[in-house]
Amino acid sequence: MGSWVLDRRGQGRGVRITRHPDLHAINLSVWRESVCVGTVHLSPADAAEVVQALTTQLAELAVPPPPPVRPVGRVDELEARIAQLEQRRTPRWRRALDRLGDVRPSGGPGGPTGIVR
């Protein structure tokens, strides 16, 4: 008698684990439908290594993957810059004009032209 572990994909696939005390071995056999397609004879020490490997792999699957890290790129830099600009009440160009004050045209027809608000 042995134990069966069926493949979750179905199609009659499975692994049979059979103890052979006369050989002092564990036999793993791979089945498709009713046909054995491969076997492995393991000593108790080798079988223990298989169990350890399965345990390690299962433990790694049990740990949830870390959340995806969004790389900081040009888009993030631009979004941060836009957020800074949106926080300002007065646009930079308007503040520059305010620092200049009212500049009126002077000097008559040939004189320099200034900025008028």
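Conventions used here
Residues numbered from 1 in each chain as written. Predicted model: local features only at pLDDT ≥ 70, side-chain atom pairs only at ≥ 80, totals over all residues. Heavy atoms only, no water. Helix = DSSP H or I, 4+ residues; strand = E, 2+ residues; numbered from the N terminus. Buried < 20%, exposed > 50% of the residue type's maximum accessible area, 1.4 Å probe, protein only. Contact = heavy atoms within 4.5 Å. Areas by Shrake-Rupley, 256 points an atom, 1.4 Å probe, with all protein chains shown as cover. Pairing = 2+ DSSP bridges. Polar contact = N/O pair within 3.5 Å; in protein donor to acceptor, adjacent residues only side chain to side chain. Salt bridge = Lys/Arg side-chain N within 4 Å of Asp/Glu carboxyl O.

Residue-level account of the overall build of the protein chain, with values.
Across its full length, the protein chain holds 3 helices and 4 strands. Start at the N end of the protein chain and walk to the C end: the helices and strands fall as β-β-β-β-α-α-α. Expressed as a percentage of its 117 residues, the buried residues of the protein chain come to 9%. For the protein chain, contacts bridging at least 24 residues in sequence account for 1% of all contacts bridging at least 6. Accessible surface, the protein chain as shown: approximately 10200 Å² in total, 60% of it carbon and sulfur.

Any details on the pairing of strand β4 (residues 35-42)? Residues and values, ideally.
In this sheet, β4 lies alongside strand β3 (residues 25-32) in antiparallel orientation, the contact comprising 7 bridges. If you follow I26 over to β4, its bridge partner there is L42. Between the antiparallel neighbours β3 and β4 lie 2 residues, among them E33 with a positive phi of about 55 degrees.

Kindly report on the side chain of N27, identifying the contributing residues and their values.
Looking at the secondary structure, you find N27 in strand β3. Judged by relative accessible area, which is 9%, N27 ranks as buried. Here H41 takes part through its side chain, which lies 3.2 Å from a polar atom of the side chain of N27. What N27 contacts, discounting residues up to four positions off in sequence, is R16, I17, T18, H20, T39, V40 and H41.

Which residues make up the pattern of salt bridges, and what are the values?
For the structure on display, the rule yields 1 salt bridge. Among the ionic pairs, D7 bridges to R9, the shortest N-O distance being 2.7 Å. Residue classification places D7 among the partly exposed positions, given a relative accessible area of 23%.

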